[in-house]
Amino acid sequence: MEHILSAQQFDKASLLETLDQASKMDKILAKGGSDIARGKILGALFYEPSTRTRLSFETAMLRLGGNVISETDVHFSSITKGEVLPDTIRMVSGYADIIAMRSKNKGDAALAAEYSSVPVLNAGDGAGEHPTQGLLDLYTIYKEFPNKFDKEPLNVTFVGDLKYGRTVHSLCTLLRNFEGFKLNFIAPDALQLPEKYRESQDSFGEDLSSSVLQEADIIYDTRIQSERFESQAEYEKYKGVYVFDAGKVNQMKSSAILMHPLPRVNEITQEVDTLPQAAYFRQARNGVPVRMALIAQCLGLV
Ligand code: NCD
């Protein structure tokens, strides 16, 4: 049985296959969907806030012709009565054919997989990973740079909270399967990329300088993850540390793109939305075909 727990489980061949399947799902979506998952049920367990991830998982299952059951508020869950995660998962895997789960503790998805009789897809485990987001981010780069992806060098610059930003952990791990990506990480020292995700050829900095903006082909901006800080005062130190406004984005190459997993708080001003570099809403849309491909793969339908 295939679970999707971490970006580390993918190699280049499996990534290329997933990208290809996502492209096929994009074509199926253009025709209104399919019914290959008819009779199948997705259990969506979201114990942390989510808009895009849950809705795109649910949309993906519905567009494949399947159904969805969801638990979206931990206050209404038996977890609040003291039920432990293994018990919840034993139950839900008796109701659903596949589970997408988000929770606040690193390692929860892997724990769930141990007790599940159906595939578990990690939809974000605390400050750990968010592999399905990493895959939709990779698919976005693949779609936006069709002639350069895995052929010509591309500078990917990550900006913001790289310590707690789980999407960063997953995407940088996925990019390492391909040649030609030069990874650059811009963050305050205290929020830099954890050691376990680093490699010797990476570059690191703290300043979002003009040269950083000009050299990037892809900037992957992130929100300072307020919910992971020990105190509000600690968060306040970093809030607003990098802000992409039109002045900054206009310094980027016209062929470059600005990505963000969303939600943005104040780190990209709304005036940027109409600039050609703004790719984050296209990126969010890619969540549906990618999650269709992953659900179909895990259910053995493709
Ligand atoms: C991200 C997450 O939940 O990690 N959002 C998302 O899934 N698109 C990023 C974030 O919350 O900052």
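See above for the structure.
First, a word on what this report is: a plain description of the structure on this page. (Residues numbered from 1 in each chain as written. Predicted model: local features only at pLDDT ≥ 70, side-chain atom pairs only at ≥ 80, totals over all residues. Heavy atoms only, no water.)

Quick look at the site of the ligand
Then, in step 1: Neighbouring residues of the ligand: T53, R102, H130, Q133, R166, T167, R223, Q225, P261, L262 and P263.
Then, in step 2: One of the side-chain N or O atoms of H130 is found 2.8 Å from an oxygen atom in the ligand.
Then, in step 3: In this structure, a nitrogen atom belonging to the ligand sits 3.0 Å away from a main-chain N or O atom of L262.
Then, in step 4: Surface burial for the ligand is 93%, taken as the share of its 320 Å² of free accessible area covered by protein chains. (Near = heavy atom within 4 Å. Polar contact = N/O pair within 3.5 Å; in protein donor to acceptor, adjacent residues only side chain to side chain. Areas by Shrake-Rupley, 256 points an atom, 1.4 Å probe, with all protein chains shown as cover.)

Regarding the nonpolar core
In summary, soluble globular proteins display a tendency toward joint burial of nonpolar side chains.
Then, in step 1: Of all hydrophobic cores here, the largest spans 56 residues; its most connected members are F158, L175 and F181.
Then, in step 2: A total of eight residues in this core trace back to one element, the largest contributor, which is helix α11 (residues 287-298).
Then, in step 3: Residues contacting F158, with those up to four places away along its chain left out, are V168, L171, C172, L175, L183, N184, F185, I186 and Y220. (Core = buried A, V, L, I, M, F, W, Y, C linked by side-chain atoms within 4.5 Å. Buried < 20%, exposed > 50% of the residue type's maximum accessible area, 1.4 Å probe, protein only. Helix = DSSP H or I, 4+ residues; strand = E, 2+ residues; numbered from the N terminus. Contact = heavy atoms within 4.5 Å.)

Side note on the sheet that holds strand β7 (residues 203-205)
Then, in step 1: Within the open sheet, the five strands sit side by side as β7-β6-β5-β8-β9. Their pairing is parallel. Either end of the sheet is taken by a strand with one partner, and the two such strands are β7 and β9 (257-259). Within the sheet, the average angular offset between the axes of one strand and its neighbour, ignoring direction, is 20 degrees.
Then, in step 2: Pairing analysis gives six bridges linking strand β5 (residues 154-159) to strand β6 (residues 181-186), with the strands arranged parallel. (Pairing = 2+ DSSP bridges. Axes fitted to C-alpha atoms, helices over the stretch in contact; angles between N-to-C directions.)

A word on the sheet that holds strand β3 (residues 98-103)
Then, in step 1: With respect to topology, four strands assemble into an open sheet ordered β2-β1-β3-β4, the strand pairing being parallel. Either end of the sheet is taken by a strand with one partner, and the two such strands are β2 (67-71) and β4 (120-125). For this sheet, the mean inter-axis angle between neighbouring strands, taken without regard to orientation, is 15 degrees.
Then, in step 2: As judged from the five bridges shared by strand β1 (residues 41-46) and β3, these two strands associate in the parallel manner. Among the inter-strand pairings, A44 is bridged to a residue of β3, identified as A100.
Then, in step 3: Relative to the sheet, helix α3 (residues 85-95) contacts β1, β2 and β3, its axis offset from that of β3 by approximately 150 degrees.
Then, in step 4: Across the sheet, helix α4 (residues 108-115) is in contact with β3 and β4; its angle to β4 comes to roughly 160 degrees.

These figures come from the coordinates and say nothing about function on their own.
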